[in-house]
Amino acid sequence: MNLIFLGYPGSGKGTQAKLLAERKNFAHISTGDLFREEIAKGSELGKTVKGIISSGKLVSDQIVLKVIESKIGSLKNDAIFDGFPRTVEQAEGLEILLEKYSRKVDAVLFFEVDEKEVIKRLSARRSCSCGKVYNTITNPPLKEGICDSCGAELFTREDDKPEVISKRIDVYKDLTSPLISYYRTQGLFHIINASRPGEEVYSEIEKTISQAKI
Ligand code: AMP
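It should be emphasised that the depicted structure is a prediction, and the values quoted were computed from it without experimental measurement.

Q: I'm lost on the environment of Ala-194 in this one. Help?
A: For Ala-194, the position within the fold is in the loop between β7 (189-193) and α9 (198-211). Among the residues examined, Ala-194 registers a relative accessible area of 3% and is labelled buried. When the C-alpha positions of Ala-194 and Glu-112 are compared, they lie 5.3 Å apart, and in sequence the two are 82 residues distant. With residues near it in sequence (within four places) discarded, Ala-194 still touches Ser-11, Phe-111, Glu-112, Val-113, Arg-121 and Val-201.

Structure (structure tokens):
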């Protein structure tokens, strides 16, 4: 089964994808996480994408599809694509790649949440280099600024700074939101009310996946 999690940055896709991956043994493919790992390693790819990501723009479709192909090629289980595709060109590229590896998109889950809520969530997001993500309002760490899991100091991602947040929202509206009608016409589209507490959103996802014609 191949699922696409689509929605604004900050709509909760990443958090829910991590939960589903842990609880149901899905492979979690987050292009944002993959790029951040490359940046942390200081690889050539990391150097290429660093400035693009911190300015809130999108990495080129060509680079993204190359990274995705290397992941799809070695996939053994069900997969969640989180934050990918982000353009119609990437969606078309994904179809070709999945076909090459005898897979297909089974369902697209659209995380519906309004723009004001997204700005609030992204502004309150604090990240840890171990991968844990907190929200200073809804999910704060036990000790302010410190990760509960590994004890490291939390930080605000470069692209969660206010000026970059508004750029990312504009980019989403221009380039990513056309995917809503792209997938709706294919009959793969499911709306998830993502403005509710995390466990409620998770239950809706579970129900949606079990009812989808897969
Ligand atoms: P995310 O963690 O998904 O919000 O991604 C962080 C940043 O990585 C985005 O703002 C883009 O700069 C880049 N990125 C992640 N996924 C993609 C993608 N599918 N296409 C283009 N750029 C991406």
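Still more to cover.
Q: Any chance you could explain the site of the ligand here in plain terms?
A: Close contacts around the ligand come from 16 residues, with Thr-31, Arg-36, Lys-57, Arg-86 and Gln-90 the closest. Take Val-59: an N or O atom from its main chain is 3.1 Å from a nitrogen atom of the ligand. In this structure, Arg-157 approaches the ligand through a side-chain N or O atom, which is 3.4 Å from an oxygen atom. It is helix α2 (residues 31-41) that provides the largest number of residues to the shell around the ligand, a total of four residues. Classifying every residue of the shell around the ligand by side-chain character gives six nonpolar, four polar and six charged.

Q: Explain the packing of aromatic side chains to me, please; I cannot follow it from the model alone.
A: The geometry of two aromatic rings is summed up by the distance between their centres and the angle between their planes. By the definition in use, this model includes five aromatic pairs. With centroids separated by 5.0 Å and ring planes inclined at 50°, the aromatic side chains of Phe-5 and Phe-111 adopt a geometry described as tilted. A residue pair is termed long-range when its members are at least 10 positions apart, and Phe-5 in strand β1 (residues 2-7) and Phe-111 in strand β4 (residues 107-112) qualify at 106 residues. The pair formed by Phe-5 and Phe-111 is uniform in burial state, with each residue classed as buried. Centre to centre, the rings of Phe-81 and Phe-84 are 6.0 Å apart; their planes meet at 55°, and the pair counts as tilted. The same class applies to Phe-81 as to Phe-84, namely buried.

Conventions used here
Residues numbered from 1 in each chain as written. Predicted model: local features only at pLDDT ≥ 70, side-chain atom pairs only at ≥ 80, totals over all residues. Heavy atoms only, no water. Helix = DSSP H or I, 4+ residues; strand = E, 2+ residues; numbered from the N terminus. Buried < 20%, exposed > 50% of the residue type's maximum accessible area, 1.4 Å probe, protein only. Contact = heavy atoms within 4.5 Å. Near = heavy atom within 4 Å. Polar contact = N/O pair within 3.5 Å; in protein donor to acceptor, adjacent residues only side chain to side chain. Nonpolar A, V, L, I, M, F, W, Y, C, P; charged D, E, K, R; others polar. Phe/Tyr/Trp six-rings, centres within 6.5 Å; stacked < 30°, edge-to-face > 60°.

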